[in-house]
Amino acid sequence: MRENVVQQKSKELALRMIQLGRYLTGKANHDTALYILVKQVLRSGTSIGANVRESLSAQSTADFISKLNIALKEGDETKYWLELLHESGYLSDKEFQSIYNDTIEVNSLLTSIILAKKKNIAEEGKQ
């Protein structure tokens, strides 16, 4: 099965989140706050790709858009958790910027797809 760009990028991001979780958990040393943050960023960061994958089996265009909107919301939530990890000192500037930029890229792709689908729907409605 050939993957589309957003599917590929969201899966790569999920794999990076798993690596980040392993890396930070290794540094945790019974740090409850860090465990909670890792759990949250891991959940939201892997959910993006899951919702993108689910959108491929959407029952309608509206369902497709809805699934991608959920993925976009998860992306926004992931950015929040990454910001907290960075601003609380768990992630260096370099570590943060790299994975944060990947999250922004996936969110940008999702936004473009959602807007294009909505535009198509509006144009079809005019005909």
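This structure is a prediction, so every number in the text was calculated from the model and none was measured. Residue indices follow the written sequence of each chain, beginning from 1 at its first position. At least 70 in pLDDT is required for a residue's local features to be given in this predicted model, at least 80 for side-chain atom pairs to be given and counted, and no such filter applies to totals for whole chains, interfaces and linings, which use all residues. Hydrogens and water are ignored here; the side-chain numbers use all heavy atoms of the structure.

Before going further, it helps to examine the overall build of the protein chain. The helix count covers DSSP runs of H or I at least four residues long, the strand count covers runs of E at least two residues long, and both are numbered beginning at the N terminus. Tallying secondary structure elements over the protein chain gives four helices and zero strands in all. Mapped in sequence order, the helices and strands of the protein chain form the string α-α-α-α. The principal-axis extents of the C-alpha atoms in the protein chain amount to approximately 60 × 25 × 25 Å. Throughout this description, buried means an accessible area under 20% of the type-specific maximum (1.4 Å probe, protein chains only), exposed means over 50%, and partly exposed covers the range between. A burial count over the protein chain gives 35% of its 127 residues as buried. Contacts are assigned to residue pairs with any non-hydrogen atoms lying within 4.5 Å of each other. Long-range pairs, those at least 24 residues apart, make up 74% of the contacts in the protein chain with a sequence separation of at least 6. With the model as given, the accessible surface of the protein chain reaches about 7700 Å², and the carbon-plus-sulfur share is 53%. When charges are counted, Lys and Arg contribute as positive and Asp and Glu as negative, whereas His and the chain ends are disregarded. To locate a charge, the coordinates of NZ of Lys, CZ of Arg, CG of Asp or CD of Glu are taken. Positive and negative side-chain charges of the protein chain, numbering 17 and 16 respectively, have mean locations separated by a distance of 4 Å. Surface exposure here means Shrake-Rupley accessible area, sampled with a 1.4 Å probe, where a residue is shielded only by the protein chains that are shown.

Our next topic: the pattern of salt bridges. In a structure, side chains of opposite charge can pair up when their charged atoms sit close to one another. Any carboxyl oxygen of Asp or Glu that lies within 4 Å of a side-chain nitrogen of Lys or Arg is treated as forming a salt bridge with it. All told, the structure shown has seven salt bridges when counted by the stated rule. Of the charged contacts in the structure, one is a salt bridge between R43 and E77, with a shortest N-O distance of 2.3 Å. Linking R43 in helix α2 (residues 32-55) with E77 in helix α3 (residues 61-87), this pair joins segments that are 34 residues apart in sequence. Note that D63 is salt-bridged to K67, the shortest N-O span being 3.6 Å. Remark: K67 and D63 occur in helix α3; sequence separation between them is four residues, near one turn of the helix. Sharing partners across several salt bridges, the network here consists of R43, E74 and E77.

Non-glycine residue H30 carries a positive phi angle of around 65 degrees. Along the polypeptide, H30 turns up in the loop between α1 (5-28) and α2.

Here we come to the packing of α3 against helix α4 (residues 93-126). Axes here mean lines fitted to C-alpha atoms, for a helix over just the part in contact, with angles spanning 0 to 180 degrees between N-to-C directions. For the pair α3 and α4, interaxial distance at closest approach is 9 Å and the crossing angle is 160 degrees. Put simply, α3 runs roughly antiparallel to α4. As α3 runs across α4, the sense of the crossing is left-handed. Under this grouping Gly is polar, as are all residues other than the nonpolar Ala, Val, Leu, Ile, Met, Phe, Trp, Tyr, Cys and Pro and the charged Asp, Glu, Lys and Arg. Split into classes, the residues belonging to the contact of α3 with α4 amount to 14 nonpolar, eight polar and six charged. Note on angle classes: values under 35 degrees are labelled roughly parallel, values over 145 roughly antiparallel, values of 65 to 115 roughly perpendicular, and the remainder oblique. Two helices crossing with the near one rotated counterclockwise from the far one by less than a right angle form a left-handed crossing, whereas a clockwise rotation gives a right-handed crossing.

With that settled, the discussion passes to the nonpolar core. In this text, buried Ala, Val, Leu, Ile, Met, Phe, Trp, Tyr and Cys residues form a nonpolar core when linked through side-chain atoms within 4.5 Å. By size, the foremost hydrophobic cluster in this structure holds 28 residues, and its most contacted members are L20, L24, L82, L85 and L110. Of all elements in the fold, only α1, α2, α3 and α4 reach the threshold of two or more residues within this core. When residues in this core are grouped by element, the largest group, eight residues, is from α3. Sequence-distant contacts of L85, defined by excluding residues within four places in its chain, comprise L24, L34, L37, V41, Y90 and L91.

Position of N51 relative to the elements: it lies in helix α2. For N51, a relative accessible area of 10% gives the class buried. The contact partners of N51, leaving out residues within four places of it in the chain, are K67, I70, A71 and E74.

When two rings of Phe, Tyr or Trp (its six-membered ring) have centres within 6.5 Å they constitute a pair, described as stacked for plane angles under 30 degrees, edge-to-face for angles over 60, and tilted for the intermediate range. In this structure the tally under the stated criterion is two aromatic pairs. Relative to W81, the ring of Y80 has its centre 5.1 Å away and its plane inclined at 70 degrees; by these criteria the two rings are edge-to-face. Definition used: whenever NZ (Lys) or CZ (Arg) falls within 6 Å of the ring centre and also within 35 degrees of the ring normal, the charge is taken to sit over that ring. Taking NZ or CZ as reference, K117 lies 5.4 Å from the ring centre of F64, over its face.

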